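Each chain is listed here by its residues.
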Amino acid sequence: MAISKDLTVGEPSKVLRSFCLPMLGSIIFQQLYNLADSFVAGKLIGEEALAAVGNSYEITLIFLAFAFGCNIGCSVIVSQLFGGKKLAEMKTAVYTSLIMSGAVCLLLMAAGFLTGGALLRVIQTPENILPDSLLYLNIYILSLPFVFCYNVSTGIFSALGDSKTPFVFLAASSTANIGADILFVAAFDMGVAGVAWATFICQGVSCILALVFVLKRLKVFTSDEKAKLFSFRILKKIAAVAVPSTLQQGFISAGNILIQGVINGFGSGVIAGYAASVKLNNLVITSLTTLGNGVSNYTAQNIGAGKTERISQGFRAAIKLFLAVAIPAALLYFFAGEPLMRLFMDDPTDAALQAGTAFLRTVTPFYVIASLKLAADGVLRGAGLMGRFMAATFTDLILRVILAFVLSAPFGSDGIWAAWPVGWTVATVMSLSFYFAKFGKRK
């Protein structure tokens, strides 16, 4: 089992590289869950099944927004306490995070089961994919305890400077998920339900393993002061980071649902093309966001230790890591978009191929811009500057939603795709301005 790591010592570029690369590997394997679902649904069941899974995916992102908020809230506060060597408070923060996330999860499950069908109708889900969309969504909601517990557990590992243990769990779980997808669909003929149950089982296994290892890891840290099981004072600190992060992800998800509603008006072919291409896009954006989370942990630990001079050094090193991911991905998607699309669909329609390829060719040239924003966001979040972080994020979202509605009328689905680059560019200017205003003058 990997040991915890102090991110406040050592050459920043080497520290970030050794810390962030396993995180990047973890999120790539985690995204294989979604890619495997789409691949099996599209190739072994059909285009409508791919559309159903992709359609439900936009709603599942709302639940993931809350899990992400719990993750980053816990991670930033635990990082600061770990960096400041306040070990008893650090343990209390861990216990408080687990209790908080459990309560939030139960509320979301109840809301999900009560409103899932209505949400699918709000986004104008076509009748031919509505039953499978609802089936997939309901099984996903059942897995939410695993999703929340796993996210908090990985946030704790990251806060302690250990990004390798979660990577091992996810690598094994994601590989198993692909095999289970194929088994349940091809051998047991379970259709979309098989795709969902395969993910449920594999997420459950990785969650349980992660939680067990977290509790074992905490025993390593000893202090004279006894850790409390719960603290409202620490809960407020966690919430101060978690709530804005949740709102950020939640509003993005809500915006994506509104955009999905516009896309659904163009038929199941365009829906399927978007479902496949947005999974490829999310693989890159989520990877960059995860690197940003690593930057947040680095920033938070150094602030906790009073070493703020290391933040600007870490930011410059982080930019290189981000671009090393963004540029190759942009080139691959731009020039090989259609072959990649065909991996997800058996005998795809022209509408699906054209829509997915057009989306990739529109957004991928702007991955470099998105990289700069997400690197700056990582510093802002780790420093607790949540108001500035949210301002840039909401600007991106609002622009994307408005432009998707406005441009879809004269330009069809191509107009929707154009909303991404505009939103990213404006928000990047804002995030960089906030970063340089706070940290740009530090030597």
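Thresholds applied
Once a new chain begins, its residue numbering starts again from 1 and follows that chain's sequence as written. Per-residue local features of the predicted model are confined to residues with pLDDT of at least 70, and side-chain atom pairs are confined, for both listing and counting, to 80 or more; whole-chain, interface and lining totals are unaffected and use all residues. Where side-chain values are given, they derive from all heavy atoms of the structure, hydrogens and water being excluded. Secondary structure follows DSSP: runs of H or I at least 4 residues long count as helices, runs of E at least 2 residues long count as strands, and numbering of each begins at the N terminus. N or O atoms within 3.5 Å of each other form a polar contact, as long as, within protein, one can give a hydrogen and the other can take it, and as long as residues adjacent in sequence are counted only when both atoms are side-chain atoms. Like charges are joined within 9 Å and nonpolar side chains (Val, Leu, Ile, Met, Phe, Trp, Tyr) within 5 Å, but only among residues with over 30% relative accessible area and no salt bridge; these make up the patches. Exposure was quantified through the Shrake-Rupley algorithm and a 1.4 Å probe, taking into account, for residues, occlusion by the shown protein chains and nothing else. Here a salt bridge means any side-chain nitrogen of Lys or Arg lying within 4 Å of a carboxyl oxygen belonging to Asp or Glu. Partly exposed describes any residue whose relative accessible area lies between the buried limit of under 20% and the exposed limit of over 50%, with all areas from a 1.4 Å probe on protein chains only and scaled to the type maximum.

K.L.:
What exactly am I supposed to notice about the environment of T165 here?
P.N.:
Relative to the helices and strands, T165 resides in helix α6 (residues 164-187). Counting along the chain gives 45 residues from T165 to A210, while the straight-line C-alpha distance between them is 8.2 Å. Polar side-chain contacts of T165 include one of 2.7 Å to the side chain of D162.

K.L.:
Teacher, can you tell me more about a nonpolar patch on the surface here?
P.N.:
The grouping of L258, I398, I402, F405 and V406 at the surface amounts to a nonpolar patch, some 470 Å² of accessible area in total. The element contributing the most residues to the nonpolar patch is helix α14 (residues 386-411), with four residues. Considering the arrangement of structural elements, one finds I402 in helix α14. Residue classification places I402 among the partly exposed residues on the basis of a relative accessible area of 47%.

K.L.:
What is the right way to read the pattern of salt bridges from this model?
P.N.:
Opposite charge on two side chains allows them to pair when their charged atoms are near. One pass over the structure, following the stated rule, counts seven salt bridges. Two residues, R233 and E89, come together in a salt bridge whose shortest N-O distance is 2.8 Å. Of this pair, R233 sits in helix α8 (residues 232-264) while E89 is found in helix α3 (residues 87-122), placing the two residues 144 residues apart along the sequence. Using a relative accessible area of 45% as the deciding quantity, one classes R233 as partly exposed.

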